[in-house]
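Summary of the model geometry
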There are 2 protein chains.
Amino acid sequence: MATIYDVARLAGVSPATVSRVFNGTSVSVEKSAAVRDAAAQLNFVPNRTARTLRRQSSEVIGLIIPDIENPYFTEMARGVEDVASEAGYSVVLCNSDAQTDKEATYLQIAMSENMSGVIIATASEESDLAPILATGRPLVAVDRSTTYDIDGVVMANRAAGTSATRALIDEGYQRIAYIGGPEHIDTAAERAAGWRDALTRAQPDVDVDALLRFATFRVDGGREVMEELLALPEPPDAVVAGNNLIGVGAIQVLTEHGLTPPKVGVAVIGSLPFTTLSPSAVTVVRLPARHMGVTAAKMLLGRIAGDDQPPRTVVLRNELQAASVAR
Amino acid sequence: MATIYDVARLAGVSPATVSRVFNGTSVSVEKSAAVRDAAAQLNFVPNRTARTLRRQSSEVIGLIIPDIENPYFTEMARGVEDVASEAGYSVVLCNSDAQTDKEATYLQIAMSENMSGVIIATASEESDLAPILATGRPLVAVDRSTTYDIDGVVMANRAAGTSATRALIDEGYQRIAYIGGPEHIDTAAERAAGWRDALTRAQPDVDVDALLRFATFRVDGGREVMEELLALPEPPDAVVAGNNLIGVGAIQVLTEHGLTPPKVGVAVIGSLPFTTLSPSAVTVVRLPARHMGVTAAKMLLGRIAGDDQPPRTVVLRNELQAASVAR
DNA sequence: TTGAAAGCGCTAACAA
DNA sequence: TTGTTAGCGCTTTCAA
């Protein structure tokens, strides 16, 4: 790999001049041309490691997510990446697998690699962001809120729970269960609260807790709990799924039982990107994942550029796509 | 951020000794303990950028894929990551978006960040791997084969096409169409060839070309072509989908037309991770994506460790999951 | 086993 | 506008 010195020698200038050419500071036209020529000849690529070491910051932003196999997060990643690469930044995608220790490792890497900033969907309440915040690196929390005073982008989770539930009520369903993600995750709790609001308003006497279940945010979680609900003496006639994967699992089980929606009503919070159902059979409260990524990336780039307003949290609105096929 | 010098001063040793402690070379027990103490006190994290600059290689491997939103590739990424992180490497995931220029940028980054090696599912035939190969960095091609003489891990694509088609024939379907990915991508061409083999063997007189269609490897691609096939004067009674997303699109369209499988037979090459169909309605030739990632990562780590055998290509076997519900 | 010192490739302060 | 030079934080010879 050619270095700046090789280029300098070939072009008959000093290394500093070569550096200037590649960093856009003032160099005479002739020298600039000579440097570009030499660089092309030598196939010169500036060494980012050296630049990073010198500058104490790199044009890389870290994106830490809890589940790389969840389309919700990859859609978000796309949003981050589009904005970042537009601005000349590359994105390093890290999968914490919802484990706090893996997450901590990636945060350490972000520090020791001098990344410019980090966007994180935390693995849990216990996530320790103090060390990286201590370095002064900008950090934006996405999807889940944190106990730290930092920028954030979240969904209108409670509203999502409410509007999913209302849609099912409007379609005429009577016993509307809820399958949420882990109780200790704030997004899960909020969505459940929205469901509870809507349900108790419509049916003040309903035994809400009999219809509430928590699962993992995965297909298996949705499957298990849906089976459980169907085995009830008085099973629900509709269900709200707390995220996309839970929705998939629940629908799979319903299908296997011959209860394809809308025989049993289903409303999913999130999206069903790879559904093979007729799109009109299920109500979806779409969470704008890509937009969340775009927003977070813009906030982060702003901070990197020096924006020092007080931290703020952006709440993104959902979009209701009600099922159009009644029972 | 504390440096090795701060730790050295606090521990009363030289910077070299601190380095040795963190790199496992011989240091006396007492000094070693003193260094660890000091490091803990100062919250010391070794600066990877400096280490990388000095060592001319980092414990990072690049993984470049053409579509981060395709579960096939994220499943593979999981495999890569599990092996890599086990070995102390981190994985940088880069999305080329099937564009050769973005891919070239990421390859440049891999070089200029001194990454230890790269695993790549190339964007196209035109991918230029020469520059990175010139640096001597190990490179493993996954999913798609290349024109370069390098290590590779691919699926048994032709066999996949054949066994998907045979399964449909065995189920009694007569007019079996094929929706493949872009013709110029070798995996797509191979799978189509496998379909052609099986079909012409079973029905020597069939007009194969009338039943063959190429699409993009995306849900939309599958949708468009499926609509096209259904509009035919003599539409097919079954279809082989060249990848997971095409399969999803095709099934969506069939469902919308009231032709839910197995009314029209469907065999998908790949997986349907988030399908909401009854699992027995569709034939799946499962491609072991995770295993592909695991294999590629092991090969790459082997090369990084110095393995210099001639390049080899591993072909992974598929697993047929035939539909169990007949028409 | 330990320390001194050079240098990885680049940028930026300073001087010309 | 250009060159000289110091130094980012680490590893690794070499010598003790």
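Since the model is a prediction, treat every value here as computed from it, not as a measurement.

**Quick notes on the domain arrangement of chain A**
Domain annotation of chain A identifies domain 1 (1–56) and domain 2 (157–287). Inter-centroid distance (C-alpha atoms) of domain 1 of chain A to domain 2 of chain A is 59 Å.

**Focus on the interface of chain B and chain A**
Chain B puts 49 residues into the contact, and the matching count from chain A is 49 residues. Between chain B and chain A, a total of about 4500 Å² is buried, with carbon and sulfur atoms accounting for 57% of that surface. Of all residues in chain B, B:Arg78, B:Phe274 and B:Thr276 give up the largest surface area on contact with chain A, accounting jointly for 17% of the area buried on that side. Across the salt bridge formed by A:Arg78 and B:Glu69, the nearest N and O atoms sit 3.9 Å from each other. The interface formed by chain B and chain A contains 14 residue pairs in polar contact (both at pLDDT 80 or more). For the side of chain B that touches chain A, the elements supplying multiple residues, two or more each, are α4 (48–55), α5 (71–86), β2 (90–95), α6 (100–112) and α11 (244–256) of chain B. The element contributing the most residues to the side of chain B that touches chain A is α5(B), with 8 residues. Class assignment of the residues belonging to the side of chain B that touches chain A gives a composition of 23 nonpolar, 16 polar and 10 charged.

**Observations concerning the nonpolar core**
Counting residues in hydrophobic clusters, the biggest one holds 153 residues, and the most contacted among them are A:Ile119 and B:Ile119. Counting 34 residues, the second largest nonpolar core, distinct from the first, contains A:Val60, A:Tyr106, A:Ile132 and B:Tyr106.

**Quick look at the sheet that holds strand β8 (residues 238–241) of chain B**
All names here are of chain B. If you walk across this open sheet you meet the 6 strands as β7-β6-β8-β9-β10-β12, and the pairing is mixed. Only two strands of the sheet have a single neighbouring strand rather than two, namely β7 (212–214) and β12 (319–321). Neighbour to neighbour, the strand axes of the sheet diverge by 15° on average, direction disregarded. In this sheet, β8 lies alongside strand β6 (residues 176–180) in parallel orientation, the contact comprising 4 bridges. Paired with Ile179 across the strands is Ala241, a residue of β8. Along the sheet, helix α8 (residues 157–170) contacts β6, β8, β9 (265–269), β10 (283–286) and β12; its crossing angle with β9, the most-contacted strand, is approximately 165°. On top of the sheet, α11 reaches β6, β8 and β9; it is set at about 160° to β9, its chief contact.

**Focus on the protein's contact with DNA strand C**
In the vicinity of DNA strand C, 26 residues are found, and the nearest of them are A:Ile4, A:Arg54, B:Thr17, B:Arg20 and B:Ser26. The share of sugar and phosphate among atoms of DNA strand C within 4 Å of the protein is 62%. A:Ser19 is positioned with one of its side-chain polar atoms (N or O) 2.7 Å from a phosphate oxygen of DNA strand C. One of the side-chain N or O atoms of B:Thr17 is found 2.5 Å from a phosphate oxygen in DNA strand C.

**Some details on the packing of helix α1 (residues 4–11) of chain A against helix α3 (residues 29–42) of chain A**
Residue and element names in this part refer to chain A. Between α1 and α3, the least distance of the axes is 8 Å, while the angle of their chain directions is 125°. The orientation of α1 relative to α3 falls into the category oblique. The chirality of how α1 crosses α3 is right-handed. Along the contact surface, α1 presents Asp6, Val7, Leu10 and Ala11, while α3 presents Ala34, Val35, Ala38, Ala39, Gln41 and Leu42. In terms of residue class, the contact of α1 with α3 is made up of 8 nonpolar, 1 polar and 1 charged.

**Observations regarding the pairing of strand β8 (residues 238–241) of chain A**
Residues and elements named next belong to chain A. Both faces of β8 are covered, namely the face carrying Ala238 and Val240 and the face carrying Val239 and Ala241. As paired strands, β8 and strand β9 (residues 265–269) are joined by 4 bridges and run parallel to one another. Each bridged residue has a counterpart across the sheet, and for Val239 the counterpart in β9 is Val266. What joins β8 to β9 is helix α11 (residues 244–256), and the crossover it makes is right-handed.

**Focus on the sheet that holds strand β6 (residues 176–180) of chain A**
Hydrogen bonds along the backbone pair up the strands of a sheet, which may run parallel or antiparallel. Residue and element names in this part refer to chain A. What the 6 strands build is an open sheet, ordered β7-β6-β8-β9-β10-β12; its pairing is mixed. Edge positions in the sheet fall to β7 (212–214) and β12 (319–321), since each of these pairs with one other strand and no more. Across the sheet, the mean angle from the axis of one strand to that of its neighbour is 15°, orientation sign disregarded. Against the sheet, α11 touches β6, β8 and β9, its axis set at about 160° to β9.

**Examining the relation of the copies chain B and chain A**
For the pair of chain copies, the relating operation is a rotation around an axis with a shift along it. Taken as rigid bodies, chain B and chain A are interconverted by a rotation of 180° and an axial shift of 0.0 Å, the fit giving an RMSD of 0.1 Å. Such a combination of turn and shift is consistent with a two-fold rotation axis. A symmetric contact is evident, with 100% of the interface residues of chain B recurring at the interface of chain A.

What counts and what doesn't
Residues numbered from 1 in each chain as written. Chains lettered and ligands numbered in written order. Predicted model: local features only at pLDDT ≥ 70, side-chain atom pairs only at ≥ 80, totals over all residues. Heavy atoms only, no water. Domains from an automatic or database assignment. Contact = heavy atoms within 4.5 Å. Buried area = accessible area lost by both parts, 1.4 Å probe. Salt bridge = Lys/Arg side-chain N within 4 Å of Asp/Glu carboxyl O. Polar contact = N/O pair within 3.5 Å; in protein donor to acceptor, adjacent residues only side chain to side chain. Helix = DSSP H or I, 4+ residues; strand = E, 2+ residues; numbered from the N terminus. Nonpolar A, V, L, I, M, F, W, Y, C, P; charged D, E, K, R; others polar. Core = buried A, V, L, I, M, F, W, Y, C linked by side-chain atoms within 4.5 Å. Buried < 20%, exposed > 50% of the residue type's maximum accessible area, 1.4 Å probe, protein only. Pairing = 2+ DSSP bridges. Axes fitted to C-alpha atoms, helices over the stretch in contact; angles between N-to-C directions. Near = heavy atom within 4 Å. Parallel < 35°, antiparallel > 145°, perpendicular 65-115°, else oblique. Left-handed = near helix turned anticlockwise from the far one by under 90°. Right-handed = clockwise from strand over helix to strand, strands pointing away. Least-squares fit on C-alpha atoms with pLDDT ≥ 70 in both.

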